[in-house]
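Take a look at the letters that make up each chain.
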Amino acid sequence: MALKRSSEKENEVVNESISGRKAKQLFSKENSTSKKENKILTTFSIEPSFKRELEELFSSMGLGWAAGIRFSLKEFSKKHAQE
C-alpha cells in the first residue's frame, strides 16, 4: 500500500473549518482596518430549549441573537461592577 504525501496547502484546505474561516475573515487586516472596534470570537454551548427562550426574549425586546447576547453581557457586567 502506497501513501501519498500531501502538500501543506492541501492540508490547510482540508483542515480549515467553517469557524476557522469565519475567524480568519473577522480578524483579517482588510476587515480590522475598516472597523474601529476589535472583535473577539467567542464560542459557547447552551441547551436548545434555553436558546429558544433567549431568542423569544430578545425578539420581544426587538433584538436579534447577537445584539441580545451583547446587551445581556453588558447588563451582567454593570450589575456585578456595582456590587
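Notes on the structure in this doc start here.

About the thresholds
Residues numbered from 1 in each chain as written. Predicted model: local features only at pLDDT ≥ 70, side-chain atom pairs only at ≥ 80, totals over all residues. Heavy atoms only, no water. Axes fitted to C-alpha atoms, helices over the stretch in contact; angles between N-to-C directions. Helix = DSSP H or I, 4+ residues; strand = E, 2+ residues; numbered from the N terminus. Parallel < 35°, antiparallel > 145°, perpendicular 65-115°, else oblique. Contact = heavy atoms within 4.5 Å. Phe/Tyr/Trp six-rings, centres within 6.5 Å; stacked < 30°, edge-to-face > 60°. Buried < 20%, exposed > 50% of the residue type's maximum accessible area, 1.4 Å probe, protein only. Salt bridge = Lys/Arg side-chain N within 4 Å of Asp/Glu carboxyl O.

**Some thoughts on the packing of helix α4 (residues 48–60) against helix α5 (residues 65–82)**
Two numbers describe how α4 lies on α5: the axes approach to 9 Å, and their chain directions differ by 90°. It follows from the interaxial angle that α4 and α5 lie roughly perpendicular. On the side of α4, the interface is formed by Lys51, Leu54, Glu55 and Phe58, while α5 contributes Trp65, Gly68, Ile69 and Ser72.

**Description of the packing of aromatic side chains**
Scanning the entire structure with this criterion turns up one aromatic pair. Ring centres of Phe58 and Trp65 lie 5.8 Å apart, and the angle between their planes is 55°; on these two criteria the pair is classed as tilted. Residue classification places Phe58 among the buried positions, given a relative accessible area of 2%. Assessed through its relative accessible area of 30%, Trp65 is described here as partly exposed.

**Looking at the pattern of salt bridges**
Tallying each qualifying case throughout the model produces two salt bridges. A salt bridge links Glu55 to Lys51, with the nearest nitrogen and oxygen atoms 2.5 Å apart. With Glu55 and Lys51 both in helix α4 and four residues apart, the pair spans about one turn of that helix. Note on Lys51: relative accessible area 31%, which makes it partly exposed. Across the pair Lys78 and Glu75 runs a salt bridge whose closest N-O atoms are separated by 3.4 Å. Remark: Glu75 and Lys78 occur in helix α5; sequence separation between them is three residues, near one turn of the helix.

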